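As a plain string of letters, each chain reads:
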Amino acid sequence: MPKNSKVTQREHSSEHVTESVADLLALEEPVDYKQSILNMAGETGGKQKAADEELGAEDRPAWNSKLQYILAQIGFSVGLGNIWRFPYLCQKNGGGAYLVPYLVLLIIIGIPLFFLELAVGQRIRRGSIGVWHYVCPRLGGIGFSSCIVCLFVGLYYNVIIGWSIFYFFKSFQYPLPWSECPVIRNGTVAVVEAECEKSSATTYFWYREALDISNSISESGGLNWKMTLCLLVAWSIVGMAVVKGIQSSGKVMYFSSLFPYVVLACFLVRGLLLRGAVDGILHMFTPKLDKMLDPQVWREAATQVFFALGLGFGGVIAFSSYNKPDNNCHFDAALVSFINFFTSVLATLVVFAVLGFKANIMNEKCVVENAEKILGYLHTNVLSRDLIPPHVNFSHLTAKDYTEMYKVIRAVKEDHFASLGLDPCLLEDELDKGTGLAFIAFTEAMTHFPASPFWSVMFFLMLINLGLGSMIGTMAGITTPIIDTFKVPKEMFTVGCCVFAFFVGLLFVQRSGNYFVTMFDDYSATLPLTVIVILENIAVAWIYGTKKFMQELTEMLGFRPYRFYFYMWKFVSPLCMAVLTTASIIQLGVTPPGYSAWIKEEAAERYLYFPTWAMALLITLIVVATLPIPVVFILRHFHLLSDGSNTLSVSYKKGRMMKDISNLEENDETRFILSKVPSEAPSPMPTHRSYLGPGSTSPLETGGNPNGRYGSSYLLAGTPESEL
């Protein structure tokens, strides 16, 4: 072989040498193919196996262990939504009745699509951009849209972590600062803050001390410097956790994924020992059956399934892409989905046990206050003592006694009852009050705990860790596909993303920032996410082919997945998602988007519609998130953007092939790629492609020797299989 040939360079140099397939074979002396590492389909002995293993080894990072990978997926899927959103939706949508639509949608949409994302990520070993480019080049925009949605979610999600950081540091004092209303002193006169007196201490602390919120989204009010600092701390923590990729984030997951379960277990034991905990749990599991038929409940359940499992974000695909090709991702899908649902139910038990305790305390307070009103009416002869049952003792008045007395007074004084201002003091009414579960209702309940600062520190440290695990997955959904596709420096790009996100995130730490969080959380991310998940399903099930996909899963896993997945991917899941998407669009048309504003003068919430400029911003965000899908489709449909099928080269380093991309002339593709049809497109789940050496017949003319004269099987450069 000539000394100046590139193959000779490859043998004597550690530098990358890149050349086209045509240049590689032209004018080179024959080699002993039996001893060559390039022989992939000829000999089947030990050297052949070694060659396969060497080609399979690549520079892509990998998880240190299966446990680390599972914890990463759990950390990404189990987040603040399990502790905050799921209990809120359960309370809002009929208690135990909400679990029915959630479980149904988890089985027919959640688990099948979670398994699908795990499988394509593991098989193709790329981020979301690369995966959907290979599955269907014309739908390659799915990956870009996933990155944009991840960015939108990451922007406001880290703000919520910032809120948790603020409460965490405020918890190191006794009594807790939200346990009592502040007192304003004017000389010798002490007056309770009016806004706090009209609402409650915890509500006042949340809206005024923490958020310092404005009356509407149109009133910016400037930056909240306390939350700005907390946001900076949050992005600094996330940046340090993800700067090295899975090498750094994988280690963080051991703590951030496991610690919340320790705290939840402690809270569950403590909560069950609280007086009134059983009332809260019974309230949770008492179903309101009429809610099960409400389309709005099903739509919210579907959205929660998407957010809970991280479907469509790209984080699931990114984490799975660092797996070994033979990993049992079917088991992973079932395990992570079960743990996710179990965590949601466990968190809901904890929340409702604590809320039951709080409801009993507030109900007792209501009874005492109204009993004092009745005593006053008795002393002024507004009410007759004959209305009071003889067994009632005002010194030890129970909720049952008060309810009996309330009913008698209401029946006798029916005409003038409203002027008395008496409350029914029903426990169910207190249990239904769950606005702001994490930062209002739960924090108020903790003020009644013995050693309340300890429990508050643990609770908000748990929220920080839950949020961190989800943010690591969200950042992976942004960085992994961009780094894989554009080969940008990992550390520099990751740090740049965090800095950029911090400055854009200042939008959410204005005094009106909470209203923008509502806009992004409820509207801007939800609809694009649903579209992405539908197209992912269609790309695999209808364009690539469910049967073909199932066959390749069988080869990868070593067993055939259940036929259940075939029917879910092919028919049930896309149909259900199409119906839910249509319902979401109709809902937006019927009910204009809005938000709950806190009115300072009234010390109460009021539902307001978004103004015109905010609606324009909301629509723009939805369009920006989904725009890459039609743009890439049009560009590739009219051949304005290459789909990569006409790019083929090989690159060498220390005796093994590596992927590189360089252009070949159009007719080189059919000359040098062996396939049953020269125009055959690269497989999204590629198999080894054989190369025909010089002097071989056309692949269309050969029947028995698919590897031609030399038996040298070349991998299709630019496909994931070339790096497996």
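Residues numbered from 1 in each chain as written. Predicted model: local features only at pLDDT ≥ 70, side-chain atom pairs only at ≥ 80, totals over all residues. Heavy atoms only, no water.

## With respect to a nonpolar patch on the surface
In step 1: A cluster of nonpolar side chains, Trp 542, Ile 543, Tyr 567 and Phe 571, forms an exposed patch at the surface whose accessible area comes to about 430 Å².
In step 2: Breaking the nonpolar patch down by element, the ones donating at least two residues are helix 25 (526–557) and helix 26 (563–590).
In step 3: Among the secondary structure elements, Ile 543 is positioned in helix 25. (Patch = residues over 30% accessible without salt bridge, like charges linked within 9 Å, V, L, I, M, F, W, Y side chains within 5 Å. Areas by Shrake-Rupley, 256 points an atom, 1.4 Å probe, with all protein chains shown as cover. Salt bridge = Lys/Arg side-chain N within 4 Å of Asp/Glu carboxyl O. Helix = DSSP H or I, 4+ residues; strand = E, 2+ residues; numbered from the N terminus.)

## Quick notes on the state of the cysteines
In step 1: Inspection of every chain in the model, using the stated rule, returns two disulfides.
In step 2: In this model Cys 181 forms its disulfide with Cys 196; the gap between the sulfur atoms is 1.9 Å. Given an S-S torsion of about -80 degrees, the disulfide between Cys 181 and Cys 196 has left-handed geometry. Of the two residues, Cys 181 is situated in the loop between helix 8 (141–170) and strand 2 (183–186) and Cys 196 in helix 9 (residues 194–198); the sequence distance between them amounts to 15 residues.
In step 3: Sequence-ordered numbering of the bonded cysteines in the protein yields a pairing of 1-2, 3-4. (Disulfide = S-S within 2.5 Å.)

## Focus on the environment of Val 351
In step 1: The topology assignment puts Val 351 in helix 17 (residues 329–379).
In step 2: Sequence spacing of Val 351 and Phe 267 is 84 residues, and the spatial spacing of their C-alpha atoms is 8.9 Å.

## Here's the deal with the UniProt feature "binding site: Na(+)" (unreviewed entry) in the protein
In step 1: Under the local residue numbering, the UniProt record ascribes the feature "binding site: Na(+)" (unreviewed entry) to Gly 75, Val 78, Asn 82, Asn 340, Leu 466 and Ser 470. For the annotated residues, spread through 396 residues, the largest C-alpha to C-alpha distance comes to 12.5 Å, consistent with a single compact locus.
In step 2: Along the chain, Val 78 falls in the loop between helix 4 (66–77) and helix 5 (80–92).
In step 3: Discounting chain neighbours no more than four positions away, the residues touching Val 78 are Tyr 261, Ala 308, Asn 340, Thr 343, Leu 466 and Ser 470.
In step 4: Structurally, Asn 340 is set in helix 17.
In step 5: With relative accessibility at 1%, the residue Asn 340 sits in the buried group. (UniProt positions renumbered as here; feature names shortened; annotations may be inferred. Contact = heavy atoms within 4.5 Å. Buried < 20%, exposed > 50% of the residue type's maximum accessible area, 1.4 Å probe, protein only.)

## A few points about a negative patch on the surface
In step 1: A surface patch of negative charge is lined by Asp 279, Glu 428, Asp 429 and Asp 432.
In step 2: With respect to the helices and strands, the residue Glu 428 is situated in helix 20 (residues 427–431). (Lys, Arg positive; Asp, Glu negative; His and termini not counted. Charge placed at Lys NZ, Arg CZ, Asp CG, Glu CD.)

## A word on the pairing of strand 2
In step 1: One ladder, built from four bridges, connects strand 2 with strand 3 (residues 189–192); its direction is antiparallel. By the bridge assignment, Arg 185 is partnered in strand 3 with Ala 190.
In step 2: Between strand 2 and strand 3, which pair antiparallel and follow one another directly, the connecting turn spans two residues, one of which, Gly 187, has a positive phi of 70 degrees. (Pairing = 2+ DSSP bridges.)

## Re the nonpolar core
One broad rule of soluble globular proteins: the nonpolar side chains tend to lie buried together.
In step 1: Formed by 178 residues in total, the largest nonpolar core has its most connected members in Trp 132, Phe 459 and Trp 569.
In step 2: With residues up to four places along the chain from it excluded, the contact list for Phe 459 reads Ile 83, Phe 267, Ala 438, Phe 442 and Met 446.
In step 3: Ranked by size, the runner-up nonpolar core spans 19 residues in total, among them Leu 383, Val 392, Met 405 and Ile 409. (Core = buried A, V, L, I, M, F, W, Y, C linked by side-chain atoms within 4.5 Å.)

## Things to note about the confidence of the model for the protein
In step 1: Predicted confidence across the protein gives a mean pLDDT of 80, with 80% of residues reaching 70 or more.
In step 2: Within the model, pLDDT remains below 50 along residues 646–724, and this stretch shows 192 contacts once partners closer than five positions in the same chain are excluded. (pLDDT = per-residue confidence, 0-100.)

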